[in-house]
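Here is how the chains run, residue by residue.
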Amino acid sequence: MNVDQSILSQENLKKLEYLNNPKVLKVVEEFTNLLKPSKVTVITDSQGDIDYVRRKAIEIGEESKLAMEGHTIHYDSYFDQARDKANTSVLVTPEMKMSKVVKTKPREEGIKEITEIMDGAMSGKEVLVRFFCLGPLDSKFSICALQITDSFYVGHSEDILYRSGYEEFKKLNGSEDFFYLVHSAGELDERGNTLNIDKRRIYMDLKANRVLTVNNQYAGNSLGLKKLALRLAIYKANNEDWLTEHMFIMGIKPQGKKRISYFTGAFPSACGKTSTAMVPGQTIVGDDIAYLRVWDDGTCHAVNIEQGIFGIITDVNPKDDPFIYEVLTTPRELIFSNILINKGKAYWLNMGQELPSEGKNHFSENWKLGDKDKDGKEVGHAHKNSRYTVRINELSNVDPNLHNPDGVPISGVIYGGRDSDTSVPVFQSLNWEHGVYIGATIESETTAATLGKEGVRAFSPMANLDFLVVQLGKYIENHIKFGKRLKNVPLVFATNYFIKENGEFLSEKVDKKVWLIWMEGRVHGEYDAIETPIGYIPKYEDLQQLFKQIFNRDYSIELYEKQFSIRINKFLEKIDRMENIYKEEKDIPQVFFNIMNEQKEKLLAFKKKYGKDIVNPFLIV
Ligand code: SPV
Ligand code: MN
């Protein structure tokens, strides 16, 4: 290999050569010569290598120890607190078809630009070469991924979040069939933060199964295995016959019954995805990304391609999220990012207690309440999109099948949105295709997880818009076909925890447990439902009984009526918005438009029949 021995030692070279994979050598050589680090360190699956990354992240200041054993804090640049959509592009060649909603850049131009930015970006730094497995080891689902990064925080995070895959690479037997992800935080300031944010670029090179990302640290931008490899996998799945989805996987266990039913759920950022996957009494397989396949028995199986959680910490409090709160406040290996630290103790927004008015945070080492940033905006205690990174097996509700190479059989799919004025808290689709329609028309009122304005209604098919790298039509068609190949088709549901009246939420955070148990019961034919134009909604008596059983709470008729009335005009407005988006797209399957038109006709007929804009569920016959 043409890399100087003073940069890549014999010992490290041997670790690479052990894999017998010419492409691995080629990639490491190419990017070492481009990025010009002073040292290349290869990390295997050995505990010693893994400990080295963790130790070094603290030594070089990318993380600092907190008072609690195993806890560390990492800060991203004040200007790098969320995914950067503006500088994220898919590199395309002329024959690659892409949706209007996908941000693209001509491939050659993109590679030229990022190569120039990456040239020498690791000067004076040590770079890590790491091997991971996306999915359980020895599994038909899984994909090998090579990560090159000069951030020990990235390396450490990935160690918590992904399965180590050095030996899996060996099993590739020299095959070129793996993803590779190259990241540099670039030049750093005295706080260890990326200096040249203006030169932040995140480019998906689908043709080469690789992602190049530079001048960033926030995990959604930097961690190759997370949202970057997600795009590569979506591209791969949509050119094959399976699905890569922005979905959690959980086991639902109704009280007093000896069964567990696995559900997946796609929710845009900050729509209650992680907290749904962690509802007390249920089990969690994964909270963010799933691969789904049609299994030999005609059932849909899914795996979590991760083994950890990079979760939003804002709002985590002992009442609403007891599992996570417990994990975050007891000793274990855990990384906090972008929260407030005072005397070695961690504080975050809405944690259910008073916060100190000074300390170190995402803004400075000596933040004080009232401090303003350079735009004159007051800086809060912590960033709203601040996060925690922890292994799933640290949770008491971890599912025993987390690492099962066959995954888990899926009997329900949930599409979660966020709106304050349209949808009911939970309903079931009329069939699989209608379920695809529901997923393809998810909307959420935006929050702080991406850069930009908050409170705007954003459209995100299957909560996957930000990661879509194929034509929307092809993606939807792939979903429809997937269902056709299944013998046991999962039921599809929609949730909206955020419906409001006079500015107040109509349901409590913990209520999602009732909706979950109702959905699981539907899978087993245990509850009747009311057919409406939007789909099947729960009956009052069933919810009343569930609220009593689960929370010993009296669920009133009035509340049910407010939550489950069908707001016809609002749904019609939503269809208009969707029509406007979808008519701009090419190659949308005709069945999708048929469902859309049927929805509209049914809603109009419903309005006529009941003579009202808002139809009370008790009136529906
Ligand atoms: C999300 O925003 O959907 C996340 C966090 O899961 S990020 O890694 O930023 O994508
Ligand atoms: Mn996500």
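Only a predicted model underlies this, so the values are computations on that prediction, with no experimental measurement involved. (Residues numbered from 1 in each chain as written. Chains lettered and ligands numbered in written order. Predicted model: local features only at pLDDT ≥ 70, side-chain atom pairs only at ≥ 80, totals over all residues. Heavy atoms only, no water.)

For the rest of this paragraph, the subject is the pairing of strand β25 (residues 408–417). Across the ten residues of β25, eight count as buried, placing the element largely inside the fold. Bridge analysis of strand β14 (residues 261–266) against β25 gives five bridges, and the strand direction is parallel. Bridging from a neighbouring strand, Y262 pairs with I410 of β25. As paired elements, strand β17 (residues 300–304) and β25 share three bridges and run antiparallel to each other. Bridging across to β25, H301 finds its partner in P409. In this sheet, strand β29 (residues 491–496) lies alongside β25 in parallel orientation, the contact comprising six bridges. (Buried < 20%, exposed > 50% of the residue type's maximum accessible area, 1.4 Å probe, protein only. Helix = DSSP H or I, 4+ residues; strand = E, 2+ residues; numbered from the N terminus. Pairing = 2+ DSSP bridges.)

In terms of residue burial, strand β24 (residues 387–391) counts as a mostly covered element, since five of its five residues are buried. Side-chain alternation along β24 places R387, T389 and R391 on one buried face and Y388 and V390 on a second face that is also buried. Both strand β18 (residues 308–312) and β24 contribute to a ladder of five bridges, which runs antiparallel. Across the sheet, I312 pairs through a bridge with R387, a residue of β24. As paired strands, strand β19 (residues 334–337) and β24 are joined by three bridges and run antiparallel to one another. Considered in β24, the bridge of S337 is made with R387.

This brings us to the site of ligand 1. Ligand 1 sits among R83, Y218, G220, K226, K227, H246, S269, D288, F310 and R387. At a separation of 3.2 Å, an oxygen atom of ligand 1 approaches a polar side-chain atom of H246. Between D288 and ligand 1, the recorded distance is 3.3 Å, taken from a side-chain N or O atom to an oxygen atom. Protein coverage of the free-state accessible area of ligand 1, which is 280 Å², stands at 95%. (Near = heavy atom within 4 Å. Polar contact = N/O pair within 3.5 Å; in protein donor to acceptor, adjacent residues only side chain to side chain. Areas by Shrake-Rupley, 256 points an atom, 1.4 Å probe, with all protein chains shown as cover.)

Turning our eyes to something else, we now look at the pattern of salt bridges. Scanning all chains against the criterion turns up 47 salt bridges. The salt bridge partner of R553 is E508, with a shortest N-O separation of 3.6 Å. Here E508 lies in the loop between β31 (504–505) and α13 (512–523) and R553 lies in the loop between α14 (540–551) and α15 (557–564), a separation of 45 residues in the sequence. Taking relative accessible area as the criterion, R553 reaches 21% and is therefore assigned partly exposed. Several salt bridges converge on common partners, so that one network encompasses D51, R54, R130, D159, E333 and R391. (Salt bridge = Lys/Arg side-chain N within 4 Å of Asp/Glu carboxyl O.)

Let us look at the coordination of the manganese ion (ligand 2). For the manganese ion (ligand 2), every protein donor is listed as K227 (NZ), H246 (NE2) and D288 (OD), and the spread of their distances is 2.1 to 2.4 Å. Spacing between the donor residues of the manganese ion (ligand 2) along their common chain follows K-x18-H-x41-D. Of the two residues, H246 is situated in the loop between β12 (243–245) and β13 (247–252) and D288 in the loop between β15 (283–286) and β16 (290–294); the sequence distance between them amounts to 42 residues. Assessed through its relative accessible area of 3%, H246 is described here as buried. Using a relative accessible area of 7% as the deciding quantity, one classes D288 as buried. (Donors = N, O, S within 2.8 Å, 3.2 Å for Na, K, Ca; no water.)

Now for empty space enclosed by the protein. Enumeration over the complete set of coordinates arrives at four cavities of 30 Å³ or more. Here the largest cavity is characterised by a volume of approximately 270 Å³. Taken together, 23 residues make up the lining of the largest cavity; nearest its centre are F427, I438, T441, F571 and K574. Elements that contribute at least two residues to the lining of the largest cavity include exactly β25, α11 (432–440), β29, α16 (568–582) and α17 (590–610). Broken down by element, the residue count for the lining of the largest cavity peaks at four residues, all from α16. Looking at the lining of the largest cavity residue by residue, the classes come out as eleven nonpolar, eight polar and four charged. (1 Å grid on protein atoms, 1.4 Å probe; cavity = no way out; pocket = protein on both sides within 12 Å on 5 of 7 lines; lining within 4 Å. Points joined across faces, edges and corners; volume = space filled by probe spheres on them. Nonpolar A, V, L, I, M, F, W, Y, C, P; charged D, E, K, R; others polar.)

One can find N193 in the loop between β9 (179–184) and β10 (201–205). The sequence separation of N193 and Y415 amounts to 222 residues, and the corresponding C-alpha distance is 36 Å. Those residues in contact with N193 that sit more than four places away from it in its chain are Y75, D76, S77, E187, L188 and Q217. Looking at N193, its side chain comes within polar contact range of the main-chain oxygen of Y75, at 3.1 Å. (Contact = heavy atoms within 4.5 Å.)

Let us look at α16. Under the 1.5 Å per step criterion, the end-to-end length of α16 is 21 Å for 15 residues, consistent within 8% with the ideal 21 Å. Looking only at α16, the buried set comprises I568, F571, L572, K574, I575, M578 and Y582. Down the axis of α16, the smallest arc covering the buried residues is 155 degrees, so these residues share one side. (Expected span 1.5 Å × (residues − 1). Arc of directions from axis to C-beta.)

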